[in-house]
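# Descriptive structure summary
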Amino acid sequence: MTVIAYGAYAGDKPLEAMEITRRAPGAHDVQIDIAFCGVCHSDLHQVRAEWAGTLFPCVPGHEIVGRVSAVGAHVAGFQTGDLVGVGCLVDSCQHCEECDAGLENYCDGMVGTYNGPTPDAPGHTLGGYSQQIVVHERYVLRVRHPETQLAAVAPLLCAGITTYSPLRHWNTGPGKKVGVVGIGGLGHMGIKLAHAMGAHVVAFTTSESKRQAAKALGADEVVVSRNADEMAAHAKSFDLILNTVAAPHDLDAFLGLLKRDGTMTLVGAPASPHPSPNVFNLIMKRRTLAGSLIGGIPETQEMLDFCAEHGIVADIELIRADEINVAYERMLKGEVKYRFVIDSASLGAGNK
């Protein structure tokens, strides 16, 4: 089936309307009419070839929500009309240790929702900036939020699970002090989730102007990281710091805030490396510097259910597909609170 999408033909070209082909649903496939797709910072890096290996034409988008419009003959868990989501992966080897553990995100054969290998034309996956997608049932998630919140649910499929997974892995809950560095697309979700889990949440920002916004998201305290006195007041006190910043910066300033056996996990993906931290900041207090990559399918479903139960969605700005190039420039300037979401209804003959 031919559908309209927005993508780019080269890294130095703007995104534009294009026709792409989706396969007919196979026996275990779910066909989804996309209602909304979130705009992730990694979309920009990939489509502009700032990360190695971009395959063109590139259609980004891995924060997808919509309705099931058809199912394969052997699909048992979904039916036409269901509200569903698709996140960052649409396939994996399905038989390795990671897949068996429900951690498909760490499978060496993980296939991304876009820019991954597939027998479908054009030979690599094309993402959610499009009218429709066809996905194996294993990688489709059920959405239990009210339909009126559907646009704001979309970013949960990346920003939500990217922050939920490390918070759960490092046992965030009552009695834990958790820091969230950065108040953007990822950080605002980290604050909401850590607060809902019962932790004492401290948000870190470089901007004094974000202090009240962070409190409104659920932060118990807000620290302006450029203020040495505010930073020093929290020395050696954190169980976990979730660092969401997607630009190179000084990690030592935050490592010193961890208590003994504390962990800072990186979830932001900068285009160039961070400066190397001082190893003594790790050795002297048995601290850990870690990383975390999205989440597996079972944990992503758990995250969606947790968010539905607690009424958690992203703070978004809804845009038309033909506004995506302007949105990218605004995103680079930090001019969004906190996630752009494409209204897929804007993808049609008028945009082609």
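All of the points below concern the structure found in this document. (Residues numbered from 1 in each chain as written. Predicted model: local features only at pLDDT ≥ 70, side-chain atom pairs only at ≥ 80, totals over all residues. Heavy atoms only, no water.)

### Observations regarding the overall build of the protein chain
Summing up its helical and strand segments, the protein chain has eleven helices and 17 strands in all. For 352 residues, the compact-globule estimate of 2.2 N^0.38 gives 20 Å, and the C-alpha radius of gyration of the protein chain, at 20 Å, lies within 12% of that figure. The dimensions of the protein chain, computed from C-alpha atoms along their principal axes, are 60 × 40 × 35 Å. Residue burial in the protein chain is summarised as follows: out of 352 residues, 55% are buried. (Helix = DSSP H or I, 4+ residues; strand = E, 2+ residues; numbered from the N terminus. Rg over C-alpha atoms; globule rule 2.2 N^0.38 Å. Buried < 20%, exposed > 50% of the residue type's maximum accessible area, 1.4 Å probe, protein only.)

### Here we look at the pattern of salt bridges
Applying the stated criterion to the full structure yields 18 salt bridges. Residue R211 pairs with E230 through a salt bridge whose shortest N-O separation is 3.1 Å. Residue R211 is located in helix α6 (residues 211-217), and its partner E230 is located in helix α7 (residues 228-232); the two are separated by 19 residues in the primary sequence. Here R330 ties to E317 by a salt bridge, and the two come within 2.8 Å at their closest N and O atoms. With R330 in helix α11 (residues 324-332) and E317 in strand β16 (residues 316-319), the pair connects residues that are 13 residues apart, well separated along the chain. R330 sits in the partly exposed class, given a relative accessible area of 25%. (Salt bridge = Lys/Arg side-chain N within 4 Å of Asp/Glu carboxyl O.)

### What to know about the pairing of strand β3 (residues 29-38)
Across the ten residues that make up β3, a large majority, eight, are buried. Where β3 meets strand β8 (residues 132-136), five bridges bridge the pair, whose relative direction is antiparallel. Directly across from D29, in β8, lies its bridge partner H136. In terms of strand pairing, β3 meets strand β17 (residues 339-343) through three bridges, oriented antiparallel. Paired with F36 across the bridge in β17 is D343. (Pairing = 2+ DSSP bridges.)

### Things to note about the side chain of Q46
Counting through the fold element by element, Q46 comes out in helix α1 (residues 41-47). Looking at Q46, the relative accessible area reads 11%, which means it is buried.

### Considering the nonpolar core
Core analysis: the largest hydrophobic core is formed by 93 residues, its most contacted members being Y129, I324 and Y328. Ignoring any residue separated from it by four or fewer positions in sequence, one finds Y328 in contact with L15, V39, D43, L44, V47, R48, P60 and Y129. Residues V202, F204, I241 and F254 belong to the second largest nonpolar core, which totals 15 residues. (Core = buried A, V, L, I, M, F, W, Y, C linked by side-chain atoms within 4.5 Å. Contact = heavy atoms within 4.5 Å.)

### Observations regarding unusual backbone geometry
With omega at 0°, the peptide bond leading from F56 into P57 counts as cis. Its location among the elements puts P57 in the loop between α1 and β4 (64-71). The peptide bond linking A121 to P122 adopts the cis configuration, its omega dihedral lying at 5°. A positive phi is found at R286, a non-glycine position, where the angle reads about 50°. Relative to the elements of secondary structure, R286 occurs in the loop between α9 (279-283) and β15 (288-291). Look at I294: it is not a glycine, yet its phi comes out positive at around 30°. Examined against the element boundaries, I294 turns out to sit in the loop between β15 and α10 (297-310).

### Some words on empty space enclosed by the protein
Under the definition given, this model contains one cavity of 30 Å³ or more. In this structure, the largest cavity occupies an estimated 60 Å³ of space. Forming the boundary of the largest cavity are G87, C88, L89, Y139, L141, L157, I161, I294, G295, I297 and T300. Taken together, the residues that form the lining of the largest cavity break down as eight nonpolar, three polar and no charged. (1 Å grid on protein atoms, 1.4 Å probe; cavity = no way out; pocket = protein on both sides within 12 Å on 5 of 7 lines; lining within 4 Å. Points joined across faces, edges and corners; volume = space filled by probe spheres on them. Nonpolar A, V, L, I, M, F, W, Y, C, P; charged D, E, K, R; others polar.)

### Comments concerning the layout of surface pockets
The computed volume of the second largest pocket comes to approximately 330 Å³. In terms of lining residues, the second largest pocket is bounded by 22 residues, among which R23, T118, D120, T125 and V134 are the most central. Where the lining of the second largest pocket is concerned, the elements lending two or more residues are β6 (89-91) and β8. Broken down by element, the lining of the second largest pocket gets its largest block of residues, four residues, from β8. Of the residues in the lining of the second largest pocket, the class split is ten nonpolar, seven polar and five charged.

### Some thoughts on the environment of T2
The topology assignment puts T2 in strand β1 (residues 2-7). For the pair T2 and E19, spaced 17 residues apart in sequence, the C-alpha to C-alpha distance is 6.3 Å. Discounting residues that sit within four places of it in the chain, T2 has contacts with E19, I20 and T21.

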